[in-house]
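# Observations on the model geometry
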Amino acid sequence: MLLTALRYSHQLLKEIVTEGDHVIDATMGNGNDTFFLAELVGSTGHVYAFDIQEQALQNTRDKTSDYSERTTLYLAGHETIEEKISPDQPIKAAIFNLGYLPKSDKQIVTLPETTKQAMSAILKRLTIGGRMIIVIYYGHEGGEAEKNEVLRYCQALSQEKFSVLNYQFINQKNNPPILLCVEAISD
């Protein structure tokens with residue numbers, strides 16, 4: 001059976017993230033990806049997680065309480081990656097879930113400008129073989145515009161430096177999520 005975007009995103013991360021890696025959850029939401037990444041990086045790795053909502057931070061803190069020594073949770077937008085994470089820190093993987101926090105205010109959404117800023121900061125730090133996963137949920141106001149901007153951004157990446165995968169179901173109703181995987185292939 002074909003994997004959902006969520007399951008495929010975890011498969012793509014599981015293939016490359018190992019003990020000791022440093023990774024980013026650019027949209028911590030309810031903490032599921034932060035928790036998943038914290039397990040993958042082990043006791044010597046680190047997860048940096050970002051969200052602008054206090055509820056997301058609290059949900060993630062609760063979910064990752066056993067992994068507090070390997071997670072840094074920022075109550076800040078992912079556009080602050082540039083200032084919060086050293087440019088010298090190699091990043092093995094990152095994940096975004098664009099849209100809004102499930103079961104919360106649907107007016108608080110990710111924005112194309114800040115998302116592109118965060119993607120740029122991550123790509124500067126991404127190790128060869130590292131992956132940046134973007135799961136685009138776009139069935140909300142402004143979602144279509146963000147989807148288009150992110151797709152344009154990824155399509156314009158140098159094919160000498162990055163491979164970009166687009167994974168989506170094209171016969172499903174209600175705006176099925178689109179998964180993009182950007183893999184660094186050279187400096």
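Here, every reference points to the structure presented above.
What comes next concerns the included structure. (Residues numbered from 1 in each chain as written. Predicted model: local features only at pLDDT ≥ 70, side-chain atom pairs only at ≥ 80, totals over all residues. Heavy atoms only, no water.)

This model, assessed by the stated rule, comprises eight salt bridges. Note that Asp-21 is salt-bridged to Lys-92, the shortest N-O span being 3.6 Å. Of this pair, Asp-21 sits in the loop between helix H1 (5-14) and strand S1 (22-25) while Lys-92 sits in strand S4 (residues 91-98); the two residues are 71 residues apart in sequence, bridging distant segments of the chain. Taken as a pair, Asp-21 and Lys-92 share a single burial class, namely buried. Across the pair Glu-82 and Arg-125 runs a salt bridge whose closest N-O atoms are separated by 3.1 Å. (Salt bridge = Lys/Arg side-chain N within 4 Å of Asp/Glu carboxyl O. Helix = DSSP H or I, 4+ residues; strand = E, 2+ residues; numbered from the N terminus. Buried < 20%, exposed > 50% of the residue type's maximum accessible area, 1.4 Å probe, protein only.)

For H1, the full list of buried residues reads Ala-5, Tyr-8, Ser-9, His-10, Leu-12 and Leu-13. Contact partners of the buried residues in H1: helix H2 (32-41), S4, strand S5 (126-136), strand S6 (162-168) and strand S7 (178-184). (Contact = heavy atoms within 4.5 Å.)

On to the packing of H1 against H2, then. Running from amino to carboxyl end, H1 crosses H2 at an angle of 25°, the nearest separation of the two axes being 11 Å. By the criterion of interaxial angle, the relationship of H1 to H2 is roughly parallel. Between H1 and H2 lies a crossing of right-handed hand. Listed contacts from H2 to Leu-6, His-10, Leu-13 and Lys-14 of H1 are Asp-33, Phe-36, Leu-37 and Leu-40. When its residues are assigned to classes, the contact of H1 with H2 shows five nonpolar, one polar and two charged. (Axes fitted to C-alpha atoms, helices over the stretch in contact; angles between N-to-C directions. Parallel < 35°, antiparallel > 145°, perpendicular 65-115°, else oblique. Left-handed = near helix turned anticlockwise from the far one by under 90°. Nonpolar A, V, L, I, M, F, W, Y, C, P; charged D, E, K, R; others polar.)

In the contact formed by helix H5 (residues 112-125) and helix H6 (residues 143-155), the axes pass within 9 Å of each other and the chain directions differ by 30°. One element, H5, and the other, H6, form an angle in the roughly parallel class. The handedness of the crossing between H5 and H6 is right-handed. Between H5, through Pro-112, Thr-115, Lys-116, Met-119, Ser-120 and Leu-123, and H6, the contact on the second element is made entirely by Glu-146, Glu-149, Val-150, Tyr-153 and Cys-154.

This part is about the pairing of S1. Where S1 and strand S2 (residues 46-51) come together, four bridges link them in parallel fashion. Note on S2: the bridge partner recorded for Asp-25 is Ala-49. Handedness of the crossover joining S1 and S2 through H2: right-handed. Here three bridges tie S1 to S4, and the two strands are oriented parallel to one another. Directly across from Asp-25, in S4, lies its bridge partner Ile-95. (Pairing = 2+ DSSP bridges. Right-handed = clockwise from strand over helix to strand, strands pointing away.)

Turning our eyes to something else, we now look at the nonpolar core. With 31 residues, the main nonpolar core has Ile-24, Phe-96, Met-132 and Ile-134 as its most contacted residues. At the level of secondary structure, the elements contributing two or more residues to this core comprise S2, S4, H5, S5, H6 and S7. Of all the elements, H5 adds the most residues to this core, at five residues. Once residues lying within four places of it in the same chain are set aside, the contact partners of Met-132 are Ala-94, Phe-96, Met-119, Ile-122, Leu-123, Leu-126, Leu-180, Cys-181 and Val-182. (Core = buried A, V, L, I, M, F, W, Y, C linked by side-chain atoms within 4.5 Å.)

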